[in-house]
Amino acid sequence: MTISAHIVSSYEQQIDMLVSDLSSMGSHASQLLSLLAQLIAASAPKAQEDWWQGAQAIDRQINELDYKVEQNATSILALRQPMGIDLRLAISAVKLSVIFERIGDLAKGAVRRLAEEPTSLAQPERDAVAKLTKDVTQMVELVASGVTAIALEQVKLIHEQDNQIDNEYRNLIRHCIKAMQEADADPEYYLHVILVIKNIERIGDYANKIAKISYYIHSGERVANHDLDQ
């Protein structure tokens, strides 16, 4: 998608490629979260190494795109003397790619922890973690599709979703702490759940941050959390 008109076609192609690669990073991050959701829902999980290898394969694609975005953004800044939205995109692209890469790492880490855990999630925790993962995936999908064309209404929606995820996360943390206090509780199991949902909650925070950066690229205006809470 071309975000502004350029006289030099090769420059336009560079800009289009930068936007496309950032969107692809978001799409791959969504795939990792979908893999995580499948693992959570699996009643008879396949072999541990299958889940882990699948997550690693997707994460490698994200890492390759991260390098590609960095090289392309550096080239644009060094050789094209961009202005306006192109300048904002080139400056912000590396920051966005780092965030998408971090989302991939967090999702991959959650897959690995669940795949390696010998005890499957009990139904109450399974339902709660599945809901959390679904909500975060929706956020990542939205920011992946709106890298340079996100509207303020969408930024507000993502911010509200992040607040909701934070509430779900805190409720689940309280559930785990209360359950750990039971006489017959398995503390390692609940610690395992807490570590998984911490990764998922952090992904929501990152998606919220991406939305605000993307809106800055699109509009030239910065928004803070207190602006979105009004």
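Residues numbered from 1 in each chain as written. Predicted model: local features only at pLDDT ≥ 70, side-chain atom pairs only at ≥ 80, totals over all residues. Heavy atoms only, no water.

1. Brief notes about the nonpolar core
Nonpolar side chains in soluble globular proteins generally cluster together in the buried interior. Formed by 72 residues in total, the largest nonpolar core has its most connected members in Leu36, Ile103, Val129, Ile197 and Ile203. Counting only elements with at least two residues in this core, the list comes to α1 (9-41), α2 (48-79), α3 (84-116), α4 (123-145), α5 (152-180) and α6 (187-219). Broken down by element, the residue count for this core peaks at 15 residues, all from α6. Setting aside residues no more than four positions away along its own chain, valine 129 makes contact with Ile40, Leu121, Leu172, Val193, Val196, Ile197 and Ile200. (Core = buried A, V, L, I, M, F, W, Y, C linked by side-chain atoms within 4.5 Å. Buried < 20%, exposed > 50% of the residue type's maximum accessible area, 1.4 Å probe, protein only. Helix = DSSP H or I, 4+ residues; strand = E, 2+ residues; numbered from the N terminus. Contact = heavy atoms within 4.5 Å.)

2. As for α6
With 33 residues, α6 should reach 48 Å at 1.5 Å per residue; the first-to-last C-alpha distance of 48 Å fits that figure. The first or second residue beyond α6 is glycine 220, which carries a positive phi of 80 degrees. (Expected span 1.5 Å × (residues − 1).)

3. Description of the side chain of glutamine 14
Mapped onto the fold, glutamine 14 is located in helix α1. In contact with glutamine 14, other than residues within four places in its own chain, are Asn72, Ser75, Ile76 and Arg80.

4. Some remarks on the packing of α1 against α4
Direction vectors running N to C along α1 and α4 enclose 165 degrees, while the axes themselves pass 9 Å from each other. Here α1 is positioned roughly antiparallel relative to α4, judged by the angle of their axes. Relative to α4, the crossing made by α1 is left-handed. Contacts from Ser23, Gly26, Ser27, Ala29, Ser30, Leu33, Leu36, Ala37, Ile40 and Ala41 of α1 reach α4 at Arg126, Val129, Ala130, Thr133, Val136, Thr137, Val140, Glu141 and Ala144. The residue makeup of the contact of α1 with α4, split by class, is eleven nonpolar, six polar and two charged. (Axes fitted to C-alpha atoms, helices over the stretch in contact; angles between N-to-C directions. Parallel < 35°, antiparallel > 145°, perpendicular 65-115°, else oblique. Left-handed = near helix turned anticlockwise from the far one by under 90°. Nonpolar A, V, L, I, M, F, W, Y, C, P; charged D, E, K, R; others polar.)

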